Amino acid sequence: MDKSLSAAQAHYLKARSRHRHMVLAGQILLFFLFVGIWELTAYTGILNDFIFSSPSRMVSCFIQMTKDFSIFGHIGITLAETVGSFFLVMACGILIAMILWLFPFLAELLDPYLVMLNSLPKSALAPVLIVWLGNNVKTIVVAAVSVAVFGSIMTLHTGFKQVDSDKIRLIYTLGGNKKDVLFKVLIPSSVPLIINNMKVNIGLCLVGVIIGEFLAADKGLGYLIIYGSQVFKMDIVMMSIVILCILSMGFYRLISLLEKHARKA
């Protein structure tokens with residue numbers, strides 16, 4: 001413990017650390033309790049393990065698929081498509097939001113169309129994208145981008161408009177222009193907003209990728225879910241869903257680490 005801290009500060013930090021450990025322990029306990037109940041009910045026949053599978057059957061299925069490394073190929077495909085679509089969404093979202101901020105008339109002109117496109121069910125676009133782009137990875141990435149990009153543009157643009165107006169006036173008073181405001185006030189002030197937007201978009205991109213893989217893939221976790229449901233191999237379906245949960249948690253954790261690093265900088 002740092003000697004420069006007062007007794008009250010040291011007590012507060014110790015209490016916070018104890019609280020975090022208790023929350024983590026509770027989360028782990030809930031996880032194992034859920035898995036244990038699921039396994040027990042499947043084993044005793046309370047749940048039909050043919051329909052609901054069970055943790056042990058999923059583990060067995062995963063081990064079986066690791067023997068020929070097929071599961072790693074499916075995970076890798078879904079990961080690559082998700083990461084690629086995520087970077088496209090963030091790049092397009094930030095760029096278009098900045099353009100709309102620079103040109104308010106254009107923002108007013110496009111606002112109803114952005115709202116319409118954002119509220120459109122993206123699963124309805126997937127069959128059209130297959131016709132336009134073909135049954136390939138490009139279709140899946142475009143489907144994933146379409147799920148997240150319009151909401152990202154609207155959120156970032158709204159955040160840009162709420163940047164401290166006093167700082168903007170100060171830049172103009174000192175002889176600056178819109179470019180100076182953009183790179184010296186707008187972007188630095190919007191870093192927390194951008195990171196929060198990243199947390200939302202990574203999940204939406206994963207959802208979009210799975211939608212695309214349902215319709216236009218012969219590899220990936222979305223393909224495994226559709227394949228498993230069609231041939232009634234629910235172990236494959238449930239295993240794929242659990243892997244997707246792990247991936248989404250991993251993505252969120254990585255962005256949380258980025259957020260901590262940004263706060264320290």
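First, a word on scope: everything that follows refers to the structure included in this document. (Residues numbered from 1 in each chain as written. Predicted model: local features only at pLDDT ≥ 70, side-chain atom pairs only at ≥ 80, totals over all residues. Heavy atoms only, no water.)

So, the packing of helix α10 (residues 191-216) against helix α12 (residues 234-264)
It is the contact of α10 with α12, at a shortest axis distance of 10 Å, that shows an interaxial angle of 165 degrees. By the angle between their directions, the pair α10 and α12 is classed as roughly antiparallel. In terms of crossing hand, the pair formed by α10 and α12 is right-handed. Touching V191, I195, N196, M198, K199, I202, L206 and I210 of α10 are L244, S248, F251, Y252, I255, S256, L258, E259 and A262, all from α12. Looking at the contact of α10 with α12 residue by residue, the class counts come to 12 nonpolar, 3 polar and 2 charged. (Axes fitted to C-alpha atoms, helices over the stretch in contact; angles between N-to-C directions. Helix = DSSP H or I, 4+ residues; strand = E, 2+ residues; numbered from the N terminus. Parallel < 35°, antiparallel > 145°, perpendicular 65-115°, else oblique. Left-handed = near helix turned anticlockwise from the far one by under 90°. Contact = heavy atoms within 4.5 Å. Nonpolar A, V, L, I, M, F, W, Y, C, P; charged D, E, K, R; others polar.)

Examining the packing of aromatic side chains
Counted according to the given criterion, the structure contains 6 aromatic pairs. Measuring from ring centre to ring centre gives 6.2 Å for F69 and F72, while their planes differ by 40 degrees; the resulting arrangement is tilted. Given a relative accessible area of 58%, F69 falls into the exposed group. Since its relative accessible area comes to 43%, F72 is described here as partly exposed. Here the aromatic cluster, defined as three or more aromatic residues joined through ring pairs, consists of F62, F69 and F72. (Phe/Tyr/Trp six-rings, centres within 6.5 Å; stacked < 30°, edge-to-face > 60°. Buried < 20%, exposed > 50% of the residue type's maximum accessible area, 1.4 Å probe, protein only.)

So, the layout of surface pockets
The computed volume of the largest pocket comes to approximately 600 Å³. The set of elements that each furnish at least two residues to the lining of the largest pocket consists of α1 (7-44), α3 (55-66) and α12. Looking at which element gives the most residues to the lining of the largest pocket, the answer is α12, with 10 residues. A class-by-class count of the residues in the lining of the largest pocket yields 18 nonpolar, 1 polar and no charged. As for the second largest pocket, its lining consists of L24, Y252, R253, S256, E259, K260 and R263. For the lining of the second largest pocket, the element with the highest residue contribution is α12, accounting for 6 residues. Taken together, the residues of the lining of the second largest pocket sort by class into 2 nonpolar, 1 polar and 4 charged. (1 Å grid on protein atoms, 1.4 Å probe; cavity = no way out; pocket = protein on both sides within 12 Å on 5 of 7 lines; lining within 4 Å. Points joined across faces, edges and corners; volume = space filled by probe spheres on them.)

What about the side chain of T82?
One can find T82 in helix α4 (residues 70-102). Of the polar contacts made by the side chain of T82, one reaches the backbone oxygen of T78; its length is 2.7 Å. If near-sequence neighbours (up to four positions away) are discounted, T82 is found in contact with I202, C205, L206, V209 and F251. (Polar contact = N/O pair within 3.5 Å; in protein donor to acceptor, adjacent residues only side chain to side chain.)

Describing the environment of I140
Structurally, the position occupied by I140 is in helix α7 (residues 137-161). Along the primary structure I140 and E213 are separated by 73 residues, whereas in three dimensions their C-alpha atoms are 6.3 Å apart. Non-local contacts of I140, meaning those with residues more than four positions away in its chain, are made with E81, G208, V209, G212, E213, A216 and A217.

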